[in-house]
Protein chains: 2
Amino acid sequence: MPDEDGHPSPEEMSLPAVLNALSDPLRYAVVSELLGEPAGAERTCASFDLPVSKSTTTHHFRILREAGLVRQVDRGNSRAATLRRADLDLRFPGLLDLIAADRRTRA
Amino acid sequence: MPDEDGHPSPEEMSLPAVLNALSDPLRYAVVSELLGEPAGAERTCASFDLPVSKSTTTHHFRILREAGLVRQVDRGNSRAATLRRADLDLRFPGLLDLIAADRRTRA
């Protein structure tokens, strides 16, 4: 079972759910941006400055979290997200590499 | 430019478009099923027996075709689809392997 914050374990992650999470341009951009950070870097959700309301931002991060792409932790009055690189590389080898390669071609 | 039937060249394929094409359960199932066929195998669109109307089936195959996942050819009064394995393996190494691995865990 996912933990109390809705984070699935690597075994619980589903490829269709991960692909669905990545199919939205804003969510894809969040993952791509996190790949540009040092491994383990924490970013507040607000720092992504998505062009949508706060509640829609929260929705997008919930989809990312429940698919297993990001881990969210409470940091006082905001939440921070980290990319679950090691878990994702273990469960879906090569997936993040494809997004990182795509990121480089757009840079 | 994509060819006259809307097939992009490998260089024209976009990872977000491919992920979006795979984010629908029926389209994901089509790709997964094609991965279970011998390489180069042709399947008519009707043979997938998707639980949707013919026009919706046509729509789903258009999304798959325009993303570069399948190649469609006219076969008399129906259209057949093949998975563009070599092109996809070249452009997005490892992506089809993830879907094939997911297919094996569900078998």
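Just so you know, these numbers come straight off a predicted model, no measurement behind them. (Residues numbered from 1 in each chain as written. Chains lettered and ligands numbered in written order. Predicted model: local features only at pLDDT ≥ 70, side-chain atom pairs only at ≥ 80, totals over all residues. Heavy atoms only, no water.)

A. Molecular detail of the overall build of chain A. A count of helical and extended segments in chain A gives 5 helices and 3 strands. Its helices and strands in sequence order give chain A the pattern α-α-β-α-β-β-α-α, from N to C terminus. The globule rule puts the C-alpha radius of gyration for 107 residues at 13 Å, and the 13 Å found for chain A is close to it. Across its three principal axes, chain A shows a C-alpha extent of roughly 35 × 35 × 25 Å. Here chain A, with 107 residues, has 43% of them falling under the buried criterion. Sequence separation of at least 24 residues holds for 66% of the intrachain contacts in chain A that already meet a minimum separation of 6. In the structure as shown, chain A presents an accessible area of about 5,500 Å², 52% of it carried by carbon and sulfur atoms. (Helix = DSSP H or I, 4+ residues; strand = E, 2+ residues; numbered from the N terminus. Rg over C-alpha atoms; globule rule 2.2 N^0.38 Å. Buried < 20%, exposed > 50% of the residue type's maximum accessible area, 1.4 Å probe, protein only. Contact = heavy atoms within 4.5 Å. Areas by Shrake-Rupley, 256 points an atom, 1.4 Å probe, with all protein chains shown as cover.)

B. Representation of the sheet that holds strand S1 (residues 43-44) of chain A within the structure. Residues and elements named next belong to chain A. An order of S1-S3-S2 is seen for the 3 strands of this open sheet, with the pairing classed as antiparallel. Edge strands, defined here as strands with exactly one partner in the open sheet, are S1 and strand S2 (70-75). Relative to strand S3 (residues 78-83), S2 runs antiparallel, the two sharing 6 bridges. Among the inter-strand pairings, Asp74 is bridged to a residue of S3, identified as Arg79. Along the sheet, helix H2 (residues 25-35) contacts S1, S2 and S3; its crossing angle with S3, the most-contacted strand, is approximately 70°. (Pairing = 2+ DSSP bridges. Axes fitted to C-alpha atoms, helices over the stretch in contact; angles between N-to-C directions.)

C. Highlighting the interface of chain A and chain B. On the chain B side, the residues contacting the 14 residues of chain A number 14 residues. When the buried surface of chain A facing chain B is broken down by residue, Leu15, Leu19 and Leu98 of chain A rank first, second and third, together holding 43% of it. Summed over the shared surface of chain A and chain B, the result is 0 salt bridges. Between the two partners, chain A and chain B, sit 0 residue pairs in polar contact (both at pLDDT 80 or more). Of the residues that constitute the side of chain A that touches chain B, the class distribution is 10 nonpolar, 2 polar and 2 charged. (Buried area = accessible area lost by both parts, 1.4 Å probe. Salt bridge = Lys/Arg side-chain N within 4 Å of Asp/Glu carboxyl O. Polar contact = N/O pair within 3.5 Å; in protein donor to acceptor, adjacent residues only side chain to side chain. Nonpolar A, V, L, I, M, F, W, Y, C, P; charged D, E, K, R; others polar.)

D. How the structure looks around the relation of the copies chain A and chain B. With an axial shift of 0.0 Å and an RMSD of 0.0 Å, the rotation relating chain A to chain B amounts to 180°. Such values leave the two copies arranged in the relation of a two-fold axis. Taken together, the interface assignments show that 100% of the residues at the interface of chain A recur at the interface of chain B, consistent with an identical surface on both copies. (Least-squares fit on C-alpha atoms with pLDDT ≥ 70 in both.)

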